[in-house]
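As a plain string of letters, each chain reads:
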Amino acid sequence: MKLNKKFFESTFDSTKRMFESKMMKIPHEVIIKFQSKEDYLVAVKENPLIQTQINLGFYKDIEKEYVGFAVVYANDKLELRTIMGLPYAITICDEIAKDVLKPFTSTEIKAYLTHVYLHELTHIFDNKLKETFPDMWQENLSKTNQNVPMANELFAESIPPIVMGEKDISIYKSVEKKLWSKVILRAEQAKRQRRL
Ligand SMILES: [Zn+2]
């Protein structure tokens, strides 16, 4: 399916409604904004978690192989924004999204986007959600040996299955597997090599 900005927006609106009915009231406006691939990849390469992955050999050419397209920049989730009357924001690289999601149907894309948005909404409201799910947060911390950035990623992956239906989660998983197959394969190879 050919993706357009309207589809990004309408899926974001329906995701926010799901998040509000199943998780928590959104206390302050959240918008999505779009970023060029050039600028997006500069930020991707500066991310410490991604740098670790690059060093471990997960990517041969990250500019061509990176299939992530959503992020919440630290500035865009600052509590200060509520006082300044500025919305929180999720940044989407629509060029990457359009490219990697091209082979999928609208149902598949909708399930995948919904999961991505829920992941990013969790990052924005993680303080509140960690209070709601303290056990889950502690479990994520212990799984990652108290590595907070990595635990935050696990936590953001733990929330969508609570909000979405089982059917949509399985659609999401099948898309995710296809999108990330190359990276997952390299990750497994890297893990095996480290054990040698
Ligand atoms: Zn994340």
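Just above sits the structure.
Predicted, not measured: the structure shown is a model, and the values here were computed from it.

A.B. asks: Sorry, what's going on with helix α3 (residues 48-55) here?
C.D. replies: Each α-helix winds once per 3.6 residues, and so residues spaced three or four apart point in a common direction. Burial runs low along α3: only 0 of the 8 residues are buried. Just past α3, the residue Gly-57 takes up positive phi, approximately 85 degrees.

A.B. asks: Would you explain the nonpolar core in this entry?
C.D. replies: The nonpolar side chains of a soluble globular protein tend to be buried with one another. One finds Ile-90, Ile-92, Tyr-112 and Tyr-117 to be the most contacted residues of the largest nonpolar core, which totals 37 residues. Sorting the residues of this core by element identifies α1 (5-22), β1 (30-34), α2 (37-46), β3 (88-92), α6 (94-101), α7 (106-124), α10 (148-158) and α12 (166-195) as the ones contributing at least two each. Take this core: its biggest share by element is 8 residues, from α7. Beyond its immediate chain neighbours, meaning those up to four positions away, Ile-92 contacts Phe-8, Ile-32, Phe-34, Phe-69, Ala-70 and Ala-97.

A.B. asks: Is there a simple way to think about the packing of helix α9 (residues 134-143) against α10 in this case?
C.D. replies: A pair of packed helices is captured by two measures, namely the crossing angle of their axes and the spacing between those axes. Interhelical geometry of α9 versus α10 gives an angle of 135 degrees and a closest axis separation of 8 Å. Between α9 and α10, the angle falls in the class oblique. The handedness of the crossing between α9 and α10 comes out as right-handed. On α10, the residues that touch Met-136, Trp-137, Asn-140, Leu-141 and Lys-143 of α9 are Ala-151, Leu-154, Phe-155 and Ser-158. Of the residues that constitute the contact of α9 with α10, the class distribution is 6 nonpolar, 2 polar and 1 charged.

A.B. asks: Whenever I open this one, unusual backbone geometry confuses me. Can you help?
C.D. replies: It is generally the case that most residues other than glycine have a negative phi and that most peptide bonds are trans. Unusually for a residue other than glycine, Asn-145 sits at a positive phi of about 55 degrees. Among the secondary structure elements, Asn-145 is positioned in the loop between α9 and α10. The class for Asn-145 is exposed, based on 8 C-beta atoms found within 10 Å. Phi angles above zero are rare outside glycine, and Gln-146 is one such case at about 65 degrees. Note that Gln-146 resides in the loop between α9 and α10.

A.B. asks: Would you mind showing me how to read the pairing of β3 here?
C.D. replies: A regular strand places its side chains on the two faces of the sheet in alternate fashion. For β3, the buried fraction is high: 4 of the 5 residues fall into the buried class. Two strands pair when backbone bridges link them, and β1 and β3 are joined in this way by 5 bridges, in the parallel orientation. Within β3, the position partnered with Phe-34 by the bridge is Ile-92. Where strand β2 (residues 70-71) lies against β3, 2 bridges are found, and the strand directions are antiparallel. Across the sheet, Val-71 pairs through a bridge with Thr-91, a residue of β3.

A.B. asks: Which parts of the structure should I look at to understand the sheet that holds β2?
C.D. replies: Judged by pairing direction, the sheet is mixed, and its 3 strands sit side by side in the order β1-β3-β2 without closing on themselves. Strand pairing shows two members of the sheet lacking a second neighbour, β1 and β2, which therefore form its edges.

A.B. asks: What's the story with the environment of Ile-62 in this structure? I'm lost.
C.D. replies: With respect to the secondary-structure elements, Ile-62 resides in helix α4 (residues 62-65). On the neighbour-count criterion, Ile-62 (15 C-beta atoms within 10 Å) is partly exposed. Each C-alpha atom, one on Ile-62 and one on His-119, is 22 Å from the other, the two residues being 57 residues apart in sequence. Apart from residues lying up to four places away in sequence, Ile-62 is in contact with Lys-45 and Ile-54.

Calculation criteria
Residues numbered from 1 in each chain as written. Predicted model: local features only at pLDDT ≥ 70, side-chain atom pairs only at ≥ 80, totals over all residues. Buried ≥ 20, exposed ≤ 12 C-beta atoms within 10 Å, placed from the backbone. Helix = DSSP H or I, 4+ residues; strand = E, 2+ residues; numbered from the N terminus. Core = buried A, V, L, I, M, F, W, Y, C linked by C-beta atoms within 7 Å. Contact = placed C-beta atoms within 7 Å. Axes fitted to C-alpha atoms, helices over the stretch in contact; angles between N-to-C directions. Parallel < 35°, antiparallel > 145°, perpendicular 65-115°, else oblique. Left-handed = near helix turned anticlockwise from the far one by under 90°. Nonpolar A, V, L, I, M, F, W, Y, C, P; charged D, E, K, R; others polar. Pairing = 2+ DSSP bridges.

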